[in-house]
Amino acid sequence: MNRFDYIKPASVSEAVTEAARPRSAYLAAGTNMLDLMKVGVAGPERIIDVTGLPGLSDIEWLPDGGVRIGALVRNSDLAYDTRFAETFPMVAEALLSGASAQLRNAATVGGNLMQRTRCAYFLDPASACNKREPGSGCDAREGENRLHAVLGFTEHCIAVHPSDFCVPLVALGAEVEVESLDGKRTIPLAEFHLLPGDTPHVETALRRGELITGLKLPAQAAAFSSHARYLKLRERTSYAFAVVSAAAALDVADGKIRQARIALGGVAAKPWRAEEAEASLVDVDASPSVFARAGEIALAGAHPSGSNAFKIELARRIVARALALALDGTPEAMPALPASPFSTFSGETSGVAHVA
């Protein structure tokens, strides 16, 4: 790890002023950043510790029924907030399926949005990686790539985004609030993370020095609270990133779907919103066949980036199964294995009282 200057600002304005200088990086819980620094992937010269900034640790319910979540709210605090879990249950389920309880107690909302890929070649300074060192190449293309992207990748990068949390957030139309010396702005989460193109080292829409201050979920997302699930297939039952995941939410009346939301994780360099698949479900009677069709549409543009063709069929099936689980209804209590396809819990339409 390289030597660095440590700055602990007292306000957001002071933090963004400090971060405007080159080679600066924000630090909250550090559950990702510190690991990258230790292995030599990240080497900031100036660390701006934002953990003490006022006004960033609150969950604020808005007059219209939406919610604003401060960037420093801990993952576990958000997942176990009763009102939040009842209103946005698949977000709570995604949070509780990620990492370990200890990490969830430390990790923050803003840090989760900013976490970087777990591609082994990105994490190994001896390997060629365009995301880490632009123009160096991509060793993953001819290497161990069974867990890499099947959507939105290019010859320059085939890595996937690792977040569970961001997948249902994208499905529900979340927005990211940021602040810099130029003022405040809001970025739709669907536009926040970028596909690799020919500049895979540019991972987000953030400008230099911009600080994530909060996250907003719109009031209309609450319409899906009774029929919303997050499903995550992983290689270990706990503490593993998704091979493929899906967030599915339905607004249903008398068996007919009025609205649908679908997003995928583990398939691209960003959480993948499947809007054409959503549109295929509107004003139709819910059934296994229409859910299978939605899965086909969601993966219509997919193709292997290496030895990972299996992920395409797997993703189709995960979408269909997540939709079927959503139709069955949000569980009254959180499954003992949140988001796991191996959970035997069958829920009823109601709020969520956590047991995991």
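Quantities reported herein were computed from a predicted structural model and do not represent experimental measurements.

Engineer: Please clarify how the sheet that holds strand S10 (residues 242–253) should be interpreted in this entry.
Structural biologist: Think of a sheet as strands paired side by side through backbone hydrogen bonds, with each pair either parallel or antiparallel. Strands sit in the order S9-S10-S11-S12 across an open sheet of four strands; the sheet is antiparallel. Across the chains shown, the open sheet's two edge strands, defined by having one partner strand only, are strand S9 (228–234) and strand S12 (272–273). In this structure, S10 lies alongside strand S11 (residues 256–265), joined through nine bridges in antiparallel fashion. Across the sheet, the residue bridging to valine 252 is isoleucine 257, located in S11.

Engineer: Explain the nonpolar core to me, please; I cannot follow it from the model alone.
Structural biologist: For soluble globular proteins, the rule of thumb is that nonpolar side chains tend to be buried together. Counting residues in hydrophobic clusters, the biggest one holds 43 residues, and the most contacted among them are Leu113, Phe165, Leu169 and Leu215. The dominant element in this core, judged by the number of residues it contributes, is helix H5 (residues 89–96), at six residues. Aside from chain neighbours lying at most four places away, what touches phenylalanine 165 is Leu78, Val91, Ala94, Leu95, Val109, Asn112, Leu113 and Leu215. Counting 32 residues, the second largest nonpolar core, distinct from the first, contains Leu250, Phe291, Ala315 and Leu323.

Engineer: Teacher, can you tell me more about the packing of aromatic side chains here?
Structural biologist: The description of two aromatic rings rests on the distance between their centres and on the angle between their planes. Inspection of the entire model under this criterion finds two aromatic pairs. The interplanar angle of 0° and the centroid separation of 6.2 Å between the aromatic rings of tryptophan 61 and phenylalanine 88 together place this pair among those described as stacked. With tryptophan 61 in strand S4 (residues 59–61) and phenylalanine 88 in the loop between helix H4 (82–87) and H5, this residue pair connects regions lying 27 residues apart in the sequence. Ring plane angle 50° and centroid distance 5.3 Å describe the contact between phenylalanine 84 and phenylalanine 88, whose orientation is recorded as tilted. Here phenylalanine 88 falls in the buried class, since its relative accessible area comes to 1%. When the ring centre of tryptophan 61 is taken as origin, the NZ or CZ atom of arginine 83, which lies over that ring, is 4.0 Å away.

Engineer: Help me understand the packing of helix H11 (residues 288–298) against helix H12 (residues 310–328), please; the structure alone is not making it clear to me.
Structural biologist: Think of two packed helices as two axes; the pair is described by the angle between the axes and how far apart they sit. Where H11 contacts H12, the two axes come as close as 8 Å, and the packing angle between them is 140°. Between H11 and H12, the angle is such that the two are oblique. As H11 packs across H12, the resulting crossing turns out to be right-handed. Between H11, through Phe291, Ala292, Ala294, Gly295, Glu296 and Ala298, and H12, the contact on the second element is made entirely by Arg316, Val319, Ala320, Leu323, Ala324 and Leu327.

Parameters at a glance
The residue numbers shown here count from 1 along each chain, following its written sequence. Where totals are concerned, whole chains, interfaces and linings use all residues; where local detail is concerned, this predicted model gives features only for residues with pLDDT of at least 70, and gives and counts side-chain atom pairs only at 80 or more. Note that water and hydrogens are dropped before the side-chain values are worked out from all heavy atoms of the structure. Strand pairing is assigned whenever DSSP detects at least two bridges linking the two strands. Numbering goes from the N terminus for both helices and strands, where a helix is a DSSP run of H or I of at least four residues and a strand is a run of E of at least two. As used in this record, nonpolar core signifies buried Ala, Val, Leu, Ile, Met, Phe, Trp, Tyr and Cys residues forming a set joined through side-chain atoms within 4.5 Å. The rule is simple: take the accessible area with a 1.4 Å probe, protein chains only, and divide by the maximum for that residue type; under 20% is buried, over 50% is exposed, in between is partly exposed. Only heavy atoms matter for contacts: two residues are in contact if any of them lie within 4.5 Å across the pair. Each pair of aromatic rings taken from Phe, Tyr and Trp, with Trp reduced to its six-membered ring, is defined by centres within 6.5 Å and is described as stacked if the planes are under 30 degrees apart, edge-to-face if over 60, and tilted in the remaining cases. Placement of a charge over a ring requires the Lys NZ or Arg CZ to be within 6 Å of the ring centre, with the centre-to-atom vector within 35 degrees of the ring normal. Axis definition: a line fitted to C-alpha atoms, limited for helices to the stretch in contact. Angles are taken between N-to-C directions and run from 0 to 180 degrees. Each angle is binned into one of four classes, with values under 35 degrees roughly parallel, values over 145 roughly antiparallel, values of 65 to 115 roughly perpendicular, and all other values oblique. Handedness of a helix crossing follows the sense of rotation of the near helix relative to the far helix, less than a right angle counterclockwise being left-handed and clockwise being right-handed.

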